[in-house]
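Chains, contacts and geometry: an overview
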Amino acid sequence: MNFAPAIEIRTAVCDDAGAVAGCLAAAFASYKTAYSPSAFADTVASEQGVRLRIQQAHVLVAITCGNVVGTISARIRGNHGHLRGMAVLPEFRGTGLAADLLTAIETWLRARGCAEVTLDTTEPLMAAMRFYENHGYHRSGKIADFFGMPLIEYVKPLR
Ligand SMILES: CC(C)(COP(=O)(O)OP(=O)(O)OC[C@H]1O[C@@H](n2cnc3c(N)ncnc32)[C@H](O)[C@@H]1OP(=O)(O)O)[C@@H](O)C(=O)NCCC(=O)NCCS
């Protein structure tokens, strides 16, 4: 029998900002040495940065026992969605939670008419690249500079 507590996925509110920042910090902690300092600071948003993101984007949180254990966000431009800030706590990796968050945000984008979704990742995030490829994303070929690190764009059609 499985007694794991239920996980709720819901839209973040401003009061979640500190917990979302904590989740990002824990999820990315092991990558810090592989990042340039500015790239890491931009990736692991502060509480203030997350509060701004909650106001400007659609941010989802996964909650269990009152704690934020996962998050993802999306913005829409025209019929194009862009994802940022995907993270689950290390102890929730390999549980299917990341896939549930991705499905939830893609459903939200589809319902708003988005035809495709993009996201950016970096070379150290091997687990994330495998995760996205397993979920229908492929490299667009676009590589930009992200504070001295290659920023690799992934894309997925939504229809
Ligand atoms: C990217 C991230 C959200 C992906 O979440 P994840 O849980 O690690 O990814 P997966 O769902 O693919 O799970 C990892 C493994 O568990 C397996 N798994 C997934 N759901 C499972 C389930 N319900 N039961 C058993 N195994 C499962 C997967 O098949 C995968 O195996 P693989 O590594 O052999 O391919 C997570 O690794 C993370 O937070 N990383 C740090 C932050 C980050 O990189 N963010 C992305 C920024 S672009």
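Read on for a plain summary of the structure. (Residues numbered from 1 in each chain as written. Predicted model: local features only at pLDDT ≥ 70, side-chain atom pairs only at ≥ 80, totals over all residues. Heavy atoms only, no water.)

1. Considerations on the packing of aromatic side chains
The following threshold applies: Note on aromatic pairs: the rings of Phe, Tyr and Trp (six-membered ring only in Trp) are paired at centre separations within 6.5 Å, and the planes decide the class, stacked below 30 degrees, edge-to-face beyond 60, tilted for the rest.
By the definition in use, this model includes five aromatic pairs. Plain terms: the ring middles of F146 and F147 are 5.1 Å apart, the flat faces sit at 65 degrees to each other, and that makes the pair edge-to-face. Here a set of aromatic residues connected by ring pairs shows up, and it is made of F131, Y132, Y137 and Y154.

2. Digging into helix α5 (residues 126–134)
As a reminder of what qualifies: Exposure is judged per residue with a 1.4 Å probe applied to protein chains only, and the accessible area is read against the type maximum: over 50% gives exposed, under 20% gives buried, and values in between give partly exposed. Helix numbering and strand numbering both begin at the N terminus, where a helix is a DSSP run of H or I of at least 4 residues and a strand a DSSP run of E of at least 2. What the arc covers is the set of directions going from the helix axis to the C-beta atoms. Only heavy atoms matter for contacts: two residues are in contact if any of them lie within 4.5 Å across the pair.
By the burial criterion, the buried members of α5 are M129, F131 and Y132. All buried residues of α5 fall inside an arc of 160 degrees around its axis, so they share one side. α5 presents M126, R130 and N134 as exposed residues on the side facing more than 90 degrees away from its buried surface. Lining the buried residues of α5 we find β4 (80–88), α4 (97–111), β5 (116–122), β6 (138–146) and β7 (149–157). Of the residues trailing α5, G136 is marked for its positive phi of about 90 degrees.

3. Concerning helix α1 (residues 17–28)
Using the following cut-off: The span one expects for a helix is its residue count, reduced by one, times 1.5 Å.
Along its 12 residues, α1 runs 17 Å from first to last C-alpha, staying within 8% of the 16 Å computed at 1.5 Å per residue. Among the residues of α1, A17, V20, A21, C23, L24, A27 and F28 are the ones counted as buried. An end-on view of α1 places all buried positions within 160 degrees of arc, on one side of the element. On the buried face of α1, the contacting elements are α2 (37–43), α3 (47–56), β2 (58–64), β3 (67–77) and β4.

4. A look at the pattern of salt bridges
Side chains bearing opposite charge may pair, as long as their charged atoms lie close to each other. For clarity, the cut-off: Note on definitions: salt bridges are taken to be side-chain nitrogens of Lys or Arg within 4 Å of carboxyl oxygens of Asp or Glu.
Tallied over the entire structure, the rule returns five salt bridges. A salt bridge links K142 to E153; the nearest nitrogen and oxygen atoms lie 3.8 Å apart. Note that K142 is positioned in strand β6 and E153 in strand β7, a separation of 11 residues in sequence.

5. Observations regarding the site of the ligand
Put simply, the test is: To be near a molecule or strand, a residue needs just one of its heavy atoms within 4 Å of it. Under the rule applied, a polar contact is a pair of N or O atoms within 3.5 Å (in protein, one hydrogen donor and one hydrogen acceptor; residues adjacent in sequence only if both atoms are side-chain atoms). Accessibility throughout is a Shrake-Rupley quantity obtained with a 1.4 Å probe, and a residue counts as covered only by protein chains that appear here.
Neighbouring the ligand are 19 residues; M86, V88, G94, A98 and R130 lie closest to it. Interatomic distance of 3.4 Å between a side-chain N/O atom of R93 and an oxygen atom of the ligand. Take G94: an N or O atom from its main chain is 2.8 Å from an oxygen atom of the ligand. Surface burial for the ligand is 67%, taken as the share of its 930 Å² of free accessible area covered by protein chains. At the level of secondary structure, the elements contributing two or more residues to the shell around the ligand comprise α1, β4, β5 and α5. In terms of residue count, α5 provides more of the shell around the ligand than any other element does, five residues in total.

6. Observations regarding the packing of α1 against α3
Rules: Whenever a helix is involved, its axis is fitted only over the stretch in contact; in every case the axis is a line through C-alpha atoms, and angles between N-to-C directions fall within 0 to 180 degrees. Each angle is binned into one of four classes, with values under 35 degrees roughly parallel, values over 145 roughly antiparallel, values of 65 to 115 roughly perpendicular, and all other values oblique. Helix crossings fall into two classes, left-handed where the near helix is turned counterclockwise from the far one by less than a right angle and right-handed where it is turned clockwise. Each residue gets one of three labels, nonpolar for Ala, Val, Leu, Ile, Met, Phe, Trp, Tyr, Cys and Pro, charged for Asp, Glu, Lys and Arg, and polar for the others, Gly among them.
As a packed pair, α1 and α3 sit with axes 8 Å apart at the nearest point and diverge in direction by 115 degrees. In terms of orientation, α1 lies roughly perpendicular with respect to α3. At the point where α1 passes α3, the crossing takes the right-handed sense. On α3, the residues touching A17, G18, V20, A21 and L24 of α1 are E47, V50, R51, R53 and I54. Residue composition of the contact of α1 with α3, by class: six nonpolar, one polar and three charged.

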